[in-house]
Amino acid sequence: MHSPEHPQKSDSQIPSAAVKGRIFDVQTFSIHDGPGIRTTVFLKGCPLRCAWCHNPESIETEPDVGFIPAKCIACGQCTLVCAHEGHTIVEGRHVFQRGFCVRCGACTAECPTGALELAGKEVTAAWVMSEVEKDRMFYERSGGGMTLSGGEPLMQPEFSTALLRLARDSHLHTAVDTSGYAGETVFNRVTALADLVLFDIKMIDERAHRRLTGVSNRPILRNLKRLLREGNGPKVWLRLPVVPGQNDSADAIQNLIDFCASLWGNPRLEAIHLMPYHRLAESKYQEFGKRYFINGTHPPADEDISAIIRRFAERGVPVTRS
Ligand code: SF4
Ligand code: SF4
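Note that the structure is predicted; figures quoted are calculated from it, not measured.

J.: So what's going on with the environment of Ser142? Residues and values would help.
T.: With respect to the helices and strands, the residue Ser142 is situated in helix 4 (residues 136-142). Ser142 sits in the partly exposed class, given a relative accessible area of 29%. Once the C-alpha coordinates of Ser142 and Lys225 are considered, the two residues, 83 residues apart in sequence, prove to be 30 Å apart. In this view, Ser142 contacts Gly36 and Ile37; residues no more than four positions away in its chain are not counted. A distance of 2.7 Å separates a polar side-chain atom of Ser142 from the backbone oxygen of Phe138.

J.: With reference to specific residues and values, describe the site of ligand 2.
T.: Taken together, the residues surrounding ligand 2 are Val65, Cys82, His84, His87, Phe96, Cys101, Val102, Arg103, Cys104, Gly105, Ala106 and Cys107. Along the lines of polarity and charge, the residues of the shell around ligand 2 split into eight nonpolar, three polar and one charged.

J.: Give me the domain arrangement of the protein: which residues, what numbers.
T.: Split by domain assignment, the protein resolves into domain 1 (16-61 + 120-321) and domain 2 (66-118). For the pair domain 1 and domain 2, the summed buried surface comes to about 550 Å²; carbon and sulfur atoms form 39% of the total. The largest contributions to the domain 1 side of the interface with domain 2 come from Gly120, Glu287 and Phe288, which together make up 76% of the buried area. For the pair domain 1 and domain 2, the number of links is one salt bridge. Its salt-bridge partner being Arg103, residue Glu60 comes within 3.0 Å of it at the nearest N-O pair. Put simply, domain 1 and domain 2 have four residue pairs in polar contact (both at pLDDT 80 or more) between them.

J.: How would you explain the nonpolar core if you had to name every residue and give the values?
T.: The biggest cluster of nonpolar side chains holds 73 residues, and the ones touching the most others in it are Phe199, Ile201, Leu238 and Phe312. Among all residues touching Leu238, those that are not within four sequence positions of it are Phe199, Ile201, Leu224, Cys260, Leu263, Leu269, Ala271, Ile272 and His273. If you look at the next biggest cluster of nonpolar residues, it comprises eight residues, including Phe67, Cys107, Cys111 and Leu116.

J.: A description of helix 11 (residues 302-314) should follow, citing residues and the corresponding values.
T.: Counted at 1.5 Å a residue, the expected span for helix 11 with its 13 residues is 18 Å, and the 18 Å between its end C-alpha atoms agrees. All of the buried residues in helix 11 are Ile305, Ile308 and Phe312. One side of helix 11 holds all its buried residues, which, seen down the axis, span an arc of 60°. Seen from the open side of helix 11, the exposed residues pointing more than 90 degrees away from its buried face are Glu303, Arg310 and Glu314. Here the buried face of helix 11 lies against strand 11 (235-242), helix 9 (250-263), strand 12 (269-276) and strand 13 (320-321). Trailing helix 11 by a residue or two, Gly316 shows a phi angle of about 80°, which is positive.

Basis of the calculations
Per-chain numbering applies: the sequence of each chain, read as written, is numbered from 1 onward. Ligands are numbered from 1 and chains lettered from A, in the order in which they are written. Per-residue local features of the predicted model are confined to residues with pLDDT of at least 70, and side-chain atom pairs are confined, for both listing and counting, to 80 or more; whole-chain, interface and lining totals are unaffected and use all residues. With hydrogens and water excluded, all non-hydrogen atoms of the structure serve as input to the side-chain values. Elements are defined by DSSP. Helices are runs of H or I of four residues or more, strands are runs of E of two residues or more, and each kind is numbered from the N terminus. Exposed residues in this analysis have more than 50% of their type's maximum accessible area, buried residues have under 20%, and partly exposed residues fall in between, with area computed by a 1.4 Å probe over protein chains only. Note on definitions: a residue-residue contact is assigned when non-hydrogen atoms from the two residues lie within 4.5 Å. As used in this structure description, the phrase polar contact means that two N or O atoms lie within 3.5 Å; if the pair is within protein, one of them must be able to donate a hydrogen and the other to accept it, and residues adjacent in sequence are counted only when both atoms belong to side chains. One heavy atom within 4 Å of a molecule or strand is enough for the residue carrying it to be called near that molecule or strand. All amino acids are sorted into three groups, where Ala, Val, Leu, Ile, Met, Phe, Trp, Tyr, Cys and Pro are nonpolar, Asp, Glu, Lys and Arg are charged, and the leftover types, Gly among them, are polar. Each domain's limits were defined by an automated method or a database of domain assignments. When two parts are put together, the accessible area they lose, computed with a 1.4 Å probe and summed over both, is reported as buried area. Salt bridges are defined as contacts in which a side-chain nitrogen from Lys or Arg sits within 4 Å of a carboxyl oxygen from Asp or Glu. As used here, the term nonpolar core means buried Ala, Val, Leu, Ile, Met, Phe, Trp, Tyr and Cys residues forming a set that is joined through side-chain atoms within 4.5 Å. Here the expected span of a helix is defined as 1.5 Å times the quantity of residues minus one. Directions are taken from the helix axis to each C-beta atom, and the arc is the one they span.

See the structure below:
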C-alpha cells in the first residue's frame, strides 16, 4: 500500500528557479481551477488510483506515450527513430507495439502529424514561471493567477514549493489543487505557500475510499481539518466529485453532507463545489493505453445533481455545481 510520506528529497541549497520537476501540461486560460483566468500547471504523478480520473496520463511519474490512430498517416518516420521496435508499418498501416516501448520520446519528436505525444517532461521552475508570466495581464484583470494541479502537486514538494515561492515573490495569486494525500510535513510546507487550496473530497467512509482510490482517507481528512484550524493559512474550496455507481449512493452523499455541515461556517472555507462526472477523458485512456475501469458510466442527470444541492442547502450548506 502506498504511504503518504515525503516522496521527493529535499535540497534546500538549490535556488527555487533551478529546482526541477516533472509536468505533463501547462494550460492557459483555465477558468475552473480557482478565481479568474489562470494558468494551470499539471504535475506528473499521483498516489491515488481513482477509476474516474480525468487525466490518466497524470498518474504515473514516468512519461507516457500517447497515440491517436486517426491522426496517423503511416509515414513511417517513427519506425526510423525507435530503437526498440515500438512501431511497424504493416500493409500500409501503422502498428504501435506499446509493450516494446521504453518511453524515451524519440518518436514523438519526429511524428509530423501529432499522432504521437509524450506526456511528461522535466523542466525547471524558472521555465514554468516564464510560461506563467506570459498571461500576467489577464490575471491582473480577472483576479486570476497560477494553479498547481496534476497528478498530485504534493508528490513533488520541492518543485511545488519552488513554484509557489517564485509566484509569491512575483505577487501572483496561487492555488494548489490536491487530493490532500500526503504526510503532515509535506502537506503543511506546500499549502502554507498557497493563497487557495482546492481540496478534493471523494468519499467519507474509509473502507469505501480505500476501495475506490487505493488509499485510506485518514491522512486526507486529518490534513483538511488541520488546515482549517490554522488561523492564517490559505483559503479552501472543497471539490466533491459525483460519480454514478462509485460514490453517489444515498449513504455516501449523506456522509458527505454531514461532513461538510460540520466544517461550514469556518471563515477559511470559502466554497464547496460539486463536480459531476463527465466522459470527456474516455478517449485519453485509449490514447495512452490505459484501462478505463468505469467504461459505460453515464454522467449524473441534472435533476440528481440538483437534488443533492438541495439536500446540502437543507443543512445550511450552499453548494454550487462546477
Ligand atoms: S510518425 Fe506519426 S504519422 Fe508517421 S507513422 Fe508514425 S505515428 Fe503515424
Ligand atoms: S517512445 Fe521511444 S521506445 Fe517508445 S516507441 Fe517511441 S521511440 Fe520507441
